[in-house]
Amino acid sequence: LEDKIREKDKADRATVEKVLDPATRLIMLNLINNEILSEIHGVISTGKEANVYHALSGPRMDEQRRTLALESGGAVQPVCGEQQQPVHLAVKVYKTAILAFKDRTPYASEDFRLRAAYKKSSHRQMVKMWADKEMHNLKRIRAAGIPCPEPFHLRLHVLVMGLIGDSHGWPAPRLHNIKFEDTTLDEALATWTDMYRQVLGYMRIMYQRCKLVHADLSEYNLLYHEGKPYVIDVSQAVGHEHPRALDFLRLDIKNMSNFFERKGVDCLPERAVFNFIVLMEDGSQDTENIPAMLDELYENHKKELEKEYESGVAVEDLEAKKEVDTEVFRQQYIPRTLEQVYDIESELEKGEGDELVYKALLSQKVANGDRPSDASESGAEDNDTDSESGSQLSQHGK
Ligand code: ADP
Ligand code: MG
């Protein structure tokens, strides 16, 4: 069995062996033994929390794929040519050293029980939980039609997924790394603008259909492939009932605005984006309407600006006003628990709290009788491995 890896190119072997701890090595060998993988190639990325390797599928991979594709209702798309050809894979190995995960504890540490469990559980189990979450979240995101890697196989802290990249196994670049050199500035700007709009659409679908907030959305976790951004790195995504979900959403929006504005895109005000993602203005979750809804948002924004301009406000002041409003929005208080929601409800009845970002969302929630705790059930297709950790995370503050 070990010979299988030894047969491979010596340089590759050196890289792989240097960074794999014995347990991970054993898992990888098992994946080869079970013919889920046929070859493990070099490292695509080494990060604080995970390493990602390029691998080729084994004969049993297609079976796995078909089952998964059926489960998620999606069609099987061969990544590289014929069905029988091996497909390119990305194998994400979560690092089992607890130090690497220190940064992630804020997401979990607010919950007393989880904190206790965190201290008690072995490192490996905690890491496994993040791998579980990534698999589960990828399935949900994919089922909603958002471009992302297809998760194939999970074994403890090792996640096997489809490679987003070309037919030679080169991974697609992150948004951070792309430069449009052989196009005109106008063309590049049009492409960036298009991407910005697509990402806004993803965030809305993720929130409304998947009931998820990415919580680490940035130009580093979006890959550019076949003219579309692909969402990756979703292990930290939280359910929209999570006490801090809306804070994380605001941060995601801020990251995207900052990035796309640097690329010259005329971004919508962050407050408007937030409402677009969270509210269902047309009363449906229809994704086909998204481009039209965005057009309308831009149209409204333009009209507002024109109105202000006509009433004599100088262009510079309009700019400044947008900046101030965005700053206010970024700092604004968003209630995090059901109790806080009801406190604000009574405030609203008394005619106070008009400034709250949450107002419109609140009236909608109250109208639907939608309680945050119900949401986790309705959103998930698959009540599998994640439900334990997910519900622990979401029970905070009740
Ligand atoms: P982390 O940021 O936690 O280290 P990521 O999931 O973001 O982990 O993966 C790290 C990098 O590996 C990404 O920025 C991307 O370049 C690459 N990568 C991850 N998954 C894939 C994939 N399915 N296809 C192609 N490249 C990937
Ligand atoms: Mg990442």
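What this report covers is the structure whose coordinates are included nearby.

Cut-offs used in this document
Residues numbered from 1 in each chain as written. Chains lettered and ligands numbered in written order. Predicted model: local features only at pLDDT ≥ 70, side-chain atom pairs only at ≥ 80, totals over all residues. Heavy atoms only, no water. Helix = DSSP H or I, 4+ residues; strand = E, 2+ residues; numbered from the N terminus. Buried < 20%, exposed > 50% of the residue type's maximum accessible area, 1.4 Å probe, protein only. Contact = heavy atoms within 4.5 Å. Salt bridge = Lys/Arg side-chain N within 4 Å of Asp/Glu carboxyl O.

Secondary-structure assignment places Glu 134 in helix α7 (residues 123-143). According to the relative accessible area criterion, Glu 134 is buried, its value standing at 1%. Other than its neighbours up to four places away in sequence, Glu 134 contacts Lys 92, Tyr 94, Leu 159, Asp 233, Val 234 and Ser 235.

Before going further, it helps to spend a moment on unusual backbone geometry. For Glu 35, which is not a glycine, the phi torsion comes out positive at approximately 60°. With respect to the helices, strands and loops of the structure, Glu 35 is situated in the loop between α3 (22-33) and β1 (37-46). A positive phi angle, close to 60°, is found at Lys 211, a residue other than glycine. Within the secondary structure, Lys 211 sits in the loop between α8 (185-208) and β6 (212-213). In this structure Lys 211 comes out as buried when scored by relative accessible area, which is 18%.

This part covers the pattern of salt bridges. If you walk through the whole model with that rule in mind, you get eleven salt bridges. Taking the shortest distance from any N to any O, the salt bridge between Asp 247 and Arg 250 comes out at 3.0 Å. One end of the pair is Asp 247 and the other is Arg 250, both in helix α9 (residues 245-262) and three residues apart, which spans about a single turn. Exposure class is identical for Asp 247 and Arg 250. Each is buried. When the shortest N-O distance is used, the salt bridge between Glu 327 and Arg 330 registers 3.7 Å. Residue Glu 327 and its partner Arg 330 are located together in helix α12 (residues 315-331), separated by three residues, close to a single helical turn. Judged by its relative accessible area of 37%, Glu 327 falls in the partly exposed class. Salt bridges sharing partners connect three or more residues here, namely Lys 92, Glu 134 and Asp 233.

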